Amino acid sequence: MGFEAKVREFYDAAAECYEHTMGDRWHHGDPDAEAAGRPFLEACERLEEGLVRDAGLRRGGWALDFGSGIGGPAFHMAKVSGARFVGVTKVGRFVAAKPA
Ligand SMILES: C[S@@+](CC[C@H](N)C(=O)[O-])C[C@H]1O[C@@H](n2cnc3c(N)ncnc32)[C@H](O)[C@@H]1O
């Protein structure tokens, strides 16, 4: 089995578990927020907002989220920046499941 097929097989098998345990954020939170004991979702949003700042994203801009999972981070970063996001993921069945 090739690497691409292995990645797809892994996420097809693990997606439900990720979603059950981590919701729509499949990444770590901002380390300072986590160290301060902030809730998981808030720590994730702090990290995403830092990415938006560091990338200089603003209304009218575009971003590619390569490996977007089910899209929680992209939706939040789009909301806080006003930029448009295109998400690419191997977990195809989730792409259409999130609202635009
Ligand atoms: C750990 S998850 C992170 C998801 C999302 N960025 C987040 O933070 O919630 C990694 C994601 O990358 C996607 N991915 C991994 N390899 C990929 C590839 N070669 N092409 C497209 N998507 C890929 C997986 O399907 C999965 O959605």
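Anyway, here's the lowdown on the structure attached to this text. (Residues numbered from 1 in each chain as written. Predicted model: local features only at pLDDT ≥ 70, side-chain atom pairs only at ≥ 80, totals over all residues.)

### As for the overall build of the chain
Along the backbone of the chain there are five helices and two strands. When the helices and strands of the chain are placed in sequence order, the string is α-α-α-β-α-β-α. Relative to its full complement of 100 residues, the chain shows a buried share of 22%. (Helix = DSSP H or I, 4+ residues; strand = E, 2+ residues; numbered from the N terminus. Buried ≥ 20, exposed ≤ 12 C-beta atoms within 10 Å, placed from the backbone.)

### As for the site of the ligand
Of all residues adjacent to the ligand, which total 15 residues, the nearest are Trp26, His27, Gly67, Gly69 and Lys90. Elements with a contribution of two residues or more to the shell around the ligand: helix 1 (3-22) and helix 4 (72-81). The biggest single contributor to the shell around the ligand is helix 1, with three residues. Its residues placed into classes, the shell around the ligand shows six nonpolar, six polar and three charged. (Near = placed C-beta within 6 Å. Nonpolar A, V, L, I, M, F, W, Y, C, P; charged D, E, K, R; others polar.)

Remember, this is a structural readout, not a statement about activity or role.
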